[in-house]
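Structural description and commentary
Spelled out from the first residue to the last, the chains are:
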Amino acid sequence: MIPLHPLRAGIIGTGFIGPVHIEALKRLGIQVVAVCDTDANAAAAAERFGIPNAIGGLQYQRLVAYPDVDVVHVASPNRLHAEHSLAALDAGKHVVCEKPLAMTSEDGLALARERLERAYAWLEGRLVGRSWAAGVDFTLADCAAAPSLFYADWAHRISEAF
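Residues numbered from 1 in each chain as written. Predicted model: local features only at pLDDT ≥ 70, side-chain atom pairs only at ≥ 80, totals over all residues. Heavy atoms only, no water.

The next point concerns the nonpolar core. What tends to happen in soluble globular proteins is that the nonpolar side chains get buried as a cluster. Counting 17 residues, the largest nonpolar core has Ile-12, Ala-34, Leu-63, Val-64, Val-72 and Val-95 as the members making the most contacts within it. Among the secondary structure elements, those contributing two or more residues to this core are strand E2 (31-36), helix H3 (60-65), strand E4 (71-74), helix H4 (81-90) and strand E5 (94-97). Excluding anything up to four places from it in sequence, Val-72 contacts Gly-10, Ile-12, Leu-63, Val-64, Ala-88, Lys-93, His-94, Val-95 and Val-96. Listed in part, the 14 residues of the second largest apolar core include Val-32, Ala-42, Ala-45 and Ala-46. (Core = buried A, V, L, I, M, F, W, Y, C linked by side-chain atoms within 4.5 Å. Buried < 20%, exposed > 50% of the residue type's maximum accessible area, 1.4 Å probe, protein only. Helix = DSSP H or I, 4+ residues; strand = E, 2+ residues; numbered from the N terminus. Contact = heavy atoms within 4.5 Å.)

Here is the structure:
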């Protein structure tokens, strides 16, 4: 299949929600070039979805360092979301993180303030957000800035603290 979009994605976590991300990306024409999980789970997901690179051993550092990955989807267990998101951001990747972004709101705010110039949030099917660090609104034109963080939260509104 010829990719319809220039972004190339990597997925950390192939359990419950990981395949949903893979299917959504494929439907959008975004090539998924790598998955990361345990050896068996990464290999199974790569085979099932036709993904060329299976990174086993839970070695997410290899996935975020992979030069062909532009955006990392964090679909790992909740307690690892902040760690995996930070690693990807530090590697200069865009991040789409499943909820929760962190285990506490304080950790989520610290992550945003400490590591991001701009954070973008995907909420209820619309792109909305604020620059968490600077406290200013952003426009869709600002979305090209890298690295950026997308936080998937379909059930709760973003707190006024953001």
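From this point, the narrative continues.
So, about the environment of Arg-8. For Arg-8, the position within the fold is in strand E1 (residues 8-12). Residue Arg-8 is classed as partly exposed on the basis of its relative accessible area, which comes to 26%. Distance from Arg-8 to Val-69, taken between C-alpha atoms, is 5.2 Å for residues 61 residues apart in sequence. Leaving out residues up to four positions away in the same chain, Arg-8 has contacts with Gln-31, Val-33, Pro-67, Asp-68, Val-69, Asp-70 and Val-71. Of note is the side chain of Arg-8, whose polar atom sits 3.1 Å from the backbone oxygen of Asp-68. (Polar contact = N/O pair within 3.5 Å; in protein donor to acceptor, adjacent residues only side chain to side chain.)

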